[in-house]
Amino acid sequence: MKKNSNLLSKIYQKFSSLVSLSVASICLLWTQVSHAAEPTPWQWYFQSPATPVMEQIIEFHNLMFFVEVGIVLLVLGLMVYIVVKFNSKANPEPTKTTHNTALEVLWTVIPIVILIVFAVPSMKLLFFMEKAQNPEMTLKVTGNQWYWSYQYPDNGNFEFDSNIIPDEDIKPGQRRLLEVDNQVVLPVNTEIKVLLTARDVMHNWAVPAFGIKMDTIPGRINETWVKVTKIGTYYGQCSELCGVAHSRMPIAVKVVSKEDFKKWLKKAKSEFASSDDNEVLKLAQFKKSK
Amino acid sequence: MKLKKQRSASRVGAVVLNTEKENSRNGLTAVVLSFLVFSMIGLAYASEPLYRIFCQVTGYGGTTRIAVFDNKSSVAENSITVRFDANVNKLLPWRFKPMQNKIILKPGEQAMAFYEATNVSDKPIVGTAVFNVAPFKVGEYFNKIECFCFTEQVLLPGQTVQMPVTFFVDSSIVEDRNTKEVNTITLSYTFYASDDQSEAENLSKISLKMKKSINNPGETQIIQPG
Amino acid sequence: MSDITHDHHDHRPSGWKRWAYSTNHKDIGTMYLVLSMVAAIIGGAASILMRAELHEPGIQFITDPQFYNVLVTAHGFIMVFFVVMPALIGGFGNWFIPLMIGTPDMAFPRMNNVSFWLVAAALILLVIAGFIDGGAGTGWTVYPPLSSADYHPGMAVDFGILALHLAGASSILGAINFITTIINMRAPGMTFHRMPLFIWAMLLTAFLLLLAIPVLAGALTMLLTDRNFGTAFFAPDGGGDPVLWQHLFWFFGHPEVYIMILPAFGIISEIVSTFSKKPIFGYLGMAYAMTSIGVVGFVVWAHHMYTMGFNVETRAYFTLATMVIAVPTGIKIFSWLATMWGGSIKFDTPMLYSMGFIFLFVVGGVTGVTLANAGVDMAFHDTYFVVAHFHYVLSISALFSMYAGFYYWLGKMSGKRYPEWLGRLQFWVTFVGVNLLFFPQHFAGMAGMPRRIIDYPDAYAGWNMVSSWGAYVSAVGGILFFVVLYKTLTSNVKADANEWGVGATTLEWTVDSPAPFHTHEVTPNVAPEPAE
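This structure is a prediction, so every number in the text was calculated from the model and none was measured.

Student: Mind laying out the sheet that holds strand β2 (residues 147–151) of chain A, listing which residues take part and the relevant values?
Tutor: Residue and element names in this part refer to chain A. The strand order β3-β2-β1-β5-β8 describes an open sheet built from 5 strands, whose pairing is mixed. Looking at which strands have only one partner, the edges of the open sheet turn out to be β3 (159–162) and β8 (222–226). Going across the sheet, the axis of each strand differs from the next one's by a mean of 25°, ignoring polarity. Relative to β2, strand β1 (residues 137–144) is paired through 5 bridges, and the arrangement is antiparallel. The residue bridging K140 from the neighbouring strand is Q151, located in β2.

Student: Tell me about the confidence of the model for chain C, residues and numbers included.
Tutor: Residue and element names in this part refer to chain C. Per-residue confidence for chain C averages 93 on the pLDDT scale, and 97% of its residues sit at or above 70. Across residues 1–8, confidence stays below pLDDT 50; counting only partners more than four residues off in sequence or on other chains, it has 13 contacts. Overall fold confidence for the complex sits at a pTM of 0.90, while the interface term, ipTM, reaches 0.92.

Student: Lay out the interface of chain C and chain A with the relevant residues and their values.
Tutor: Chain C puts 87 residues into the contact, and the matching count from chain A is 82 residues. For the chain C face of the interface with chain A, the top three residues by lost area are F281, W341 and M446 of chain C, together amounting to 10%. In this structure, the connection of chain C to chain A is made through 5 salt bridges. Salt-bridge contacts for D458 of chain C lead to R176 of chain A; the nearest nitrogen and oxygen are separated by 2.9 Å. Applying the counting rule to chain C against chain A returns 24 residue pairs in polar contact (both at pLDDT 80 or more). Of all the secondary-structure elements, those providing two or more residues to the side of chain C that touches chain A are α3 (65–101), α7 (242–276), α9 (312–324), α10 (326–340), α11 (349–372), α12 (374–380), α14 (420–446) and α15 (461–489) of chain C. Per-class residue counts for the side of chain C that touches chain A are 53 nonpolar, 24 polar and 10 charged.

Student: Explain the sheet that holds strand β4 (residues 184–187) of chain A to me, and be specific about the residues and the numbers.
Tutor: All names here are of chain A. In spatial order, the strands read β4-β10-β9; together these 3 strands make up an open sheet with mixed pairing. Unpaired on one side and paired on the other, β4 and β9 (232–237) mark the two borders of the sheet. Each strand of the sheet is rotated relative to its neighbour by a mean of 25°, with strand direction disregarded. By the bridge criterion, 6 bridges tie β9 to strand β10 (residues 250–256) in an arrangement that is antiparallel. Across the sheet, residue G236 finds its bridge partner in β10, namely I251. Most of the contacts of helix α4 (residues 258–271) go to β4, to which it runs at about 140°, and overall it touches β4 and β10.

Student: So, the interface of chain B and chain C: which residues are in play, and what are the values?
Tutor: Taken together, the contacts link 36 residues of chain B with 46 residues of chain C. The contact between chain B and chain C buries some 3700 Å² in all, and 62% of this surface belongs to carbon and sulfur atoms. In terms of surface lost to chain C, no three residues of chain B exceed Y45, Y51 and Y60 of chain B, which account for 16% of the buried area on that side. Scanning the region where chain B abuts chain C turns up 0 salt bridges. The interface formed by chain B and chain C holds 5 residue pairs in polar contact (both at pLDDT 80 or more) in total. Taken together, the elements giving at least two residues each to the side of chain B that touches chain C come down to α1 (9–58), β6 (125–134) and β10 (184–193) of chain B. It is α1 of chain B that contributes the most residues to the side of chain B that touches chain C, 20 residues altogether. Residue classes in the side of chain B that touches chain C are distributed as 18 nonpolar, 8 polar and 10 charged.

Parameters and conventions
Position numbers for residues count from 1 along each chain, tracking the sequence in the order it is written. Chain A is the first chain written and ligand 1 is the first ligand written, with later ones labelled in order. The model is predicted, so local features are restricted to residues of pLDDT at least 70 and side-chain atom pairs to those at 80 or more, both for listing and for counting; the totals for chains, interfaces and linings are taken over all residues. Excluded from the side-chain calculations are hydrogens and water; all other atoms, namely the structure's heavy atoms, are used. At least two bridges found by DSSP between two strands are what make those strands a pair. Counting from the N terminus, the helices are DSSP H or I runs at least four residues long and the strands are E runs at least two residues long. Only the stretch in contact is used when fitting a helix axis, every axis being a line fitted to C-alpha atoms; angles between N-to-C directions are given from 0 to 180 degrees. The predictor attaches a confidence to each residue, called pLDDT, with possible values from 0 through 100. By definition, residues are in contact when any of their heavy atoms lie within 4.5 Å. Accessible area, probed at 1.4 Å, shrinks when two parts are joined; the buried area is that loss added up over both. When a carboxyl oxygen of Asp or Glu lies within 4 Å of a side-chain nitrogen of Lys or Arg, that pair is called a salt bridge. N or O atoms within 3.5 Å of each other form a polar contact, as long as, within protein, one can give a hydrogen and the other can take it, and as long as residues adjacent in sequence are counted only when both atoms are side-chain atoms. Each residue is assigned to one of three groups, with Ala, Val, Leu, Ile, Met, Phe, Trp, Tyr, Cys and Pro labelled nonpolar, Asp, Glu, Lys and Arg labelled charged, and all others, Gly among them, labelled polar.

Take a look at the structure:
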């Protein structure tokens, strides 16, 4: 019995010291996290968040991250201790211990507690991401082999394609494999409903800084929402294997002020005026109420 | 499994007996396990209809319902927006769009909307529309009474048709804790070229013979509801 | 007991017939191991080609991106179906199930032969699939519509499907054989609760195979008829749904990852116990932890599909169900550590690999907890973070268990002792290599780099270069392994019947090394004293 409690306290000490150590070292690294809406060289953590959803994802991830680094260091520490103390030279006579009920209960219960601690914020985050409060406009995204089409059903219903700028046309300062000819433009601080589908195979519309990643599935419309809180240009890439040019269908989103968005709309409507008429046909529409 | 070495007579006797019993027992085990394998294969196949039924019953994945409008159903207070969305598969040379962007109606009211499709190719083509609603969770409340998507559509070269869909949103949508905050439903269609193009082939033969007796290309035709 | 069998009992056919017609569990096991090595060279070459292509931004030498996608696909299929499964299940399973439970051979020796040749044929078909009609560039997940006849015309995908069918049939036959053998043919006294953990692992793996593979077979057949005979299981235009494929695939695919890692658990348990000179800590807990991992593994499949657009309740369920798996996994990790605790451990190569396994599995396991959360997965799905996660938790973990098992049993299989210093060198090279290879991928993934791309934005260049160097180092480790193998087989150092000493208590150490052609012709009695 004495031996058990001794062992337990040793493990506990190890654990607490390791956790505090790991937290300290991570905090040190923390300051080096870059703030950009695009990947930067040697970046090792998330891109800087631009939506409340991504902020919450990072916040929840940080909680798990610290605990998980602690677990890895705990196991590593125990293994180092074992190598030092229980090699055949240091400990020629093995013990006969094959059971320790207290210990076994402990390493079942502690993980369960940790998981519950994770599950609560996880569910909160999940349900927060699910519901847009009151979307003010809609963006429709259509995946094609190998470009994106964007449509603004609430703002004149015009549509345009967004193609990659090939490597040979990239100008200095532009980002290879991320720049497109027609960026999708969205207003800042606006809740936007995003409808997604595809015209051929599955694609996935993903912008890391937004915390958005949604499959575009042919024959099916998917829905999500986004609210960008910072003006800027954000980059993403297709995130579902879609064939030969999968690596060459980037997403570039330009987020502008609401006024600039209105100006852009005017310009875009004439620039991308579709062959189809936009007028709402009331033809044969009737309502039958009780 | 013949025994070559004997340790003691009684022991060997026991083992030989075991071996014979073992063979039939092994066979039985294998039969039971094979049954398991075949039932799993069966389950994989059963998943197809089961999945479809499951989606229809629960509205999973935004599957809509087919219904008969009930005049006595209640009408909710707040109106809801139904947005219309149209897509064409890349392999089908059609243009397809909703003729109205959206309709605002109250849950419990019946409404009709039109879509317009044009065959921009130079041969007749049979098309089929697939559909769902977003958000998915309202699928079980979205009821279609009549829809062009229930049947295949044949379009001649250059022909344009307007196609109706009559529907209503079940008023109990506002009572569901999950769906009551939904104020916009998107009804989306995607037209595909049908696998079975025999009807189009027949038509193209006929149209070659009697070009004029068929609707003039470019002329819009309205498919009557009902 | 090592003199139970005499040489004149070793009636074995000679020449090619010995192998082609073999019904001997050891010979079939050897053939599986050889097949796995051949496949590992092919699959490993595919990874090196991919890493070399990704060494720098821009296109290096793979001018056809379809070929890159074919490499991605072939690498996945070959590593899963033709390296890990044949080595851990077909190879070690065939060799050591009969030896460890004390029976002369498998229950159905002829079926065993069929199993092997089916998988051999499957490997050939799969390699062909990579070279005809532009190859199958669908990824190992083969999602329609990309894998449909519209977007992958030609025979490549059909060949791939047939290859998986054959491999699947082989696995099902093997599973029936294993289960029957383990249930019916254990030595007297070896109750279920006294079986070695390796046998527990193989029994559970076989059950997972039996339940999961038929679902894959069904789904593949549907895809095949969709492609060729006009059915529409997964084609939206015919009333099908591509999402149904994903459900079926992952209903198979998730248990499949446990099919690969449960045998590894078994091997590691045997080695840790042997080298610590202690019985395994919490034996029953270990056995039932594996059982519950296997059971829960069947109800978590949709966590591979969080970005599909499911109802939020569905995602909440799959999040919680997936997190549950962390509990039995934690029990296993800590039980291994407790087994070592107080032991008198000799750190020979198998033990080094076992400790390496535990470390890698913990790293991959904790990132798995992260990925289980549907909310956070929005940031990780389909990025290199996922690539890093699953390579840690099942690919290099499985590889380490294969190396561990190989060094552990090489003496028993070949009768020769491997050079210990070379084995340890091989371990360290591989350990450094795989961590250099996969750890930076966590970073690239968190920064947003998608997987399965032939070319990446320049910002990801740094970690990719490190990763590629890691791949080359790991490849050196792989080559060193073959050097060890060559040196062992050509050496004169005989391995003892029990080369690991008092810790090695399972029955395979009671027969000669190399294990004679026929073993356990007299059933050993392992009933505890006093007998019965």
